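The lines below spell out each chain.
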Amino acid sequence: NSIAPAFNEEVTILDNVNSLLQIDYPNYEIIIVNDASTDRTMELLINEYKLVEVPYDIAMKVQSKPIKRVLKSTEEKYSKLVVVDKEHGGKKADGSNAGINVCSNKYFVCTDVDCIIEPMALYRMMWLVVNSHRPMIGVSATMLMSNGCEVEDGRVVEAAVPNTLVPEFQQLEYLRSFLISKLGWSKINALPNISGGFGLFDTDVAVKSGGYDPTSMAEDVDMLLRMVTYMSNTGQDFRLAQVPKVCCWTEGPGTVKSLCRQRIRWARGLFEIVSNHRKLFFNPHFGPIGAITLPYILLFEFVAPILEMVGFLFMIFLVFTGGVNWDTAIILFGMIYIFSIFMSFSVLFFDYSVKAVEWKNTKGSYLKLLLVTLLEPFIYHPIITYCSNMGYWQFLSLDRKSVV
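Student: Please clarify how the packing of helix α9 (residues 287–321) against helix α12 (residues 380–396) should be interpreted in this entry.
Tutor: Any two packed helices are characterised by the angle at which their axes cross and by the distance between the axes. Contact geometry for α9 and α12: axes closest at 9 Å, N-to-C directions at 105°. Here α9 lies roughly perpendicular to α12, going by the angle between them. Across the interface between the two elements, Glu-301, Phe-302, Pro-305, Ile-306, Glu-308 and Met-309 from α9 touch His-381, Thr-385, Tyr-386, Ser-388, Asn-389 and Tyr-392 from α12. Its residues assigned to classes, the contact of α9 with α12 shows 6 nonpolar, 4 polar and 2 charged.

Structure (structure tokens):
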């Protein structure tokens, strides 16, 4: 089952559903969850796909707002489409839980309704499931930015690097995250998260773990950690894996302001995860995730922005007080800069080697990303560091509504 919550998506809903309908897999359902949209989302779905209300066996396996009705198409070509109309839950997590309650298959994929899915995505994910010698409870899909790509009929027909700087930085970050970081964690069964944009889960384990938490600011990470906790506490073996090929395209923030809103929200979610799942940290009972991954995240993703901000402010103080040894400072900066661009160069070389993406104008695309790599430490990284600290501050000040 592919579960995609939708709220007020009238502008793109038909294109997005058509994209999901083009997924090439023999046995799957597309569950669109209309979260009480106030625009024409439901009307467009009913008219375009000839939907009618049908009796449906709904078991409230996880908590969600009440489901008002379930609709299916009267046309055979849309037989895979199921539309759930529910009361407003306020967050994607509640809509995802409603989809889980309707889900009848062993595995489900949770995605965003505005994502563009590769036709072979489910084959790529299920190949890891069926070839695993251990029970697979989650598969993470490689996601990249759709900004700048040529899209026709709900499909990316030509992959291209974005034409503006903010999405270009994010494209490089996504490549580094999915093709180096997550693939590495996957090799030791220590995957830290499965993106809510497109990820596969074992339905039974997700249900027994309580599904998504509608109150969480990082519901995808939160559910995965609860699934890991459940499997560890019940003594069951499990596997988590990462697909090295692109399965999903998502449109990222195009401006610094929208980027900051997103990353501040992510930082608040990270603080929540560290707070709510602290019993897993440094705990080998929860396998490599507890013993290795979460300590790494605590030190290098959670604490690091705080240290960087303090270090930056202290550096300014030393500059004004004449306390800087410039020869040593330049050498240290050079080493950090070289390491930074080495990591990005490595992921671009890996992408070129395994053909994770078939870029339009391949040489031009890689050249553009290489140039972005040189600028990232001076522009993009300071913005992300600032947003992380702002997110932490908002979490500690209990300012749940403020974003920027």
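After that view, the rundown keeps rolling.
Student: I would appreciate a short explanation of the nonpolar core in the present structure.
Tutor: Where a protein is soluble and globular, its nonpolar side chains tend to be buried together. Of all hydrophobic cores here, the largest spans 67 residues; its most connected members are Ile-32, Phe-198 and Trp-249. For this core, the element with the most residues is helix α5 (residues 165–187), which contributes 7 residues. When sequence neighbours within four positions are dropped, the list of residues in contact with Ile-32 reads Ala-4, Ala-6, Val-17, Leu-20, Leu-45, Leu-81, Val-82, Val-83 and Val-84. Ranked by size, the runner-up nonpolar core spans 51 residues in total, among them Leu-225, Val-228, Ala-267 and Ile-273.

Student: Just to check I follow, could you spell out the sheet that holds strand β8 (residues 136–145) for this structure?
Tutor: Paired through backbone hydrogen bonds, the strands of a sheet run either parallel or antiparallel to each other. In spatial order, the strands read β3-β4-β5-β2-β1-β6-β11-β8-β12-β7; together these 10 strands make up an open sheet with mixed pairing. In this open sheet, the two edge strands, each paired with only one partner strand, are β3 (51–53) and β7 (116–117). Here α5 sits on the sheet and contacts β8 and β12 (239–250); the angle it forms with β8, its principal contact strand, is near 155°.

Student: Teacher, can you tell me more about the packing of aromatic side chains here?
Tutor: Aromatic rings in a pair are described by how distant their centres are and how their planes are angled relative to each other. Applying the stated criterion across every chain yields a total of 17 aromatic pairs. Their ring planes at 85° and their centres at 6.4 Å tell us that Phe-201 and Tyr-212 sit as a pair that is edge-to-face. One end of the pair, Phe-201, is in strand β11 (residues 198–202); the other, Tyr-212, is in the loop between α6 (203–208) and α7 (219–233), and 11 residues separate them in sequence. Assigned by exposure class, Phe-201 and Tyr-212 land together as buried. An aromatic cluster is present here, built from Phe-271, Phe-302, Tyr-392 and Phe-395 joined pairwise through their rings. For the cation-ring pair, Lys-355 lies above Tyr-352, with the distance from its terminal atom to the ring centre recorded as 4.1 Å.

Student: I'm lost on the pattern of salt bridges in this one. Help?
Tutor: If the charged atoms of two oppositely charged side chains come close together, the side chains can form a pair. Applying the stated criterion across every chain, the model contains 13 salt bridges. Where Glu-158 meets Lys-360, a salt bridge forms, and the shortest distance between an N and an O atom there is 3.7 Å. Of this pair, Glu-158 sits in strand β10 (residues 155–158) while Lys-360 sits in the loop between α10 (326–354) and α11 (362–375), and the two are 202 residues apart along the sequence. Residue class for Lys-360 comes out partly exposed when judged on its relative accessible area of 43%. Glu-376 is paired through a salt bridge with Arg-176; the nearest N and O atoms lie 2.7 Å apart. Note that Glu-376 is positioned in the loop between α11 and α12 and Arg-176 in helix α5, a separation of 200 residues in sequence. For the pair shown, Glu-376 and Arg-176 are each scored as buried. Connected through shared salt-bridge partners, Asp-35, Lys-86 and Asp-94 make up one network.

Student: Please clarify how the packing of α5 against α11 should be interpreted in this entry.
Tutor: The geometry of α5 relative to α11 is characterised by a closest axis approach of 10 Å and an angle of 95° between their N-to-C directions. One way to sum up the angle between α5 and α11 is to call them roughly perpendicular. The residues of α11 that touch α5, namely those facing Leu-165, Glu-168, Phe-169, Leu-172 and Leu-175, are Lys-368, Leu-369, Val-372, Thr-373 and Leu-375. Residues belonging to the contact of α5 with α11 are distributed by class as follows: 7 nonpolar, 1 polar and 2 charged.

Student: Is there a simple way to think about the layout of surface pockets in this case?
Tutor: Take a probe with the size of a water molecule and roll it over the atoms, and the empty space left behind shows itself. Each pocket or cavity is described by its volume, and for the second largest pocket that value is around 300 Å³. Asn-16, Asp-114, Ile-116, Ser-146 and Glu-251 are the residues nearest the centre of the second largest pocket, which is lined by 16 residues in total. Every element with two or more residues in the lining of the second largest pocket is listed here: α1 (13–21) and β9 (150–152). Here the lining of the second largest pocket gets 3 residues from one element, more than from any other, and that element is α1. Per-class residue counts for the lining of the second largest pocket are 4 nonpolar, 7 polar and 5 charged.

Student: Help me understand a nonpolar patch on the surface, please; the structure alone is not making it clear to me.
Tutor: On the surface, a nonpolar cluster with roughly 860 Å² of combined accessible area is contributed by Phe-312, Leu-313, Met-315, Ile-316, Val-319, Phe-320, Trp-326 and Ile-330. Only α9 and α10 provide two or more residues apiece to the nonpolar patch. Considering every element that reaches the nonpolar patch, the biggest residue donor is α9, with 6 residues. Among the secondary structure elements, Leu-313 is positioned in helix α9.

Student: Hey, could you run me through the side chain of Asp-94 in this one?
Tutor: Among the secondary structure elements, Asp-94 is positioned in helix α3 (residues 92–102). Look at Asp-94 and you get buried, because its relative accessible area is 5%. Beyond its immediate chain neighbours, meaning those up to four positions away, Asp-94 contacts Gln-63, Ser-64, Lys-65, Lys-86, Gly-89 and Pro-214.

Student: I tried to follow unusual backbone geometry on my own but got confused; where do I start?
Tutor: Trans is the prevailing form of peptide bonds, just as negative phi is the prevailing case for residues other than glycine. A positive phi angle, near 50°, is found at Asn-8, a position not held by glycine. Relative to the helices and strands, Asn-8 resides in the loop between β1 (2–6) and α1. Since its relative accessible area comes to 30%, Asn-8 is described here as partly exposed. Phi is positive for Asn-189, which is not a glycine, with a value near 55°. If you trace the backbone, Asn-189 turns up in the loop between α5 and β11. By relative accessible area, which is 6% here, Asn-189 ends up buried.

What counts, and at which threshold
- Residues numbered from 1 in each chain as written.
- Predicted model: local features only at pLDDT ≥ 70, side-chain atom pairs only at ≥ 80, totals over all residues.
- Heavy atoms only, no water.
- Axes fitted to C-alpha atoms, helices over the stretch in contact; angles between N-to-C directions.
- Helix = DSSP H or I, 4+ residues; strand = E, 2+ residues; numbered from the N terminus.
- Parallel < 35°, antiparallel > 145°, perpendicular 65-115°, else oblique.
- Contact = heavy atoms within 4.5 Å.
- Nonpolar A, V, L, I, M, F, W, Y, C, P; charged D, E, K, R; others polar.
- Core = buried A, V, L, I, M, F, W, Y, C linked by side-chain atoms within 4.5 Å.
- Buried < 20%, exposed > 50% of the residue type's maximum accessible area, 1.4 Å probe, protein only.
- Pairing = 2+ DSSP bridges.
- Phe/Tyr/Trp six-rings, centres within 6.5 Å; stacked < 30°, edge-to-face > 60°.
- Lys NZ or Arg CZ within 6 Å of the ring centre and 35° of its normal.
- Salt bridge = Lys/Arg side-chain N within 4 Å of Asp/Glu carboxyl O.
- 1 Å grid on protein atoms, 1.4 Å probe; cavity = no way out; pocket = protein on both sides within 12 Å on 5 of 7 lines; lining within 4 Å.
- Points joined across faces, edges and corners; volume = space filled by probe spheres on them.
- Patch = residues over 30% accessible without salt bridge, like charges linked within 9 Å, V, L, I, M, F, W, Y side chains within 5 Å.
- Areas by Shrake-Rupley, 256 points an atom, 1.4 Å probe, with all protein chains shown as cover.

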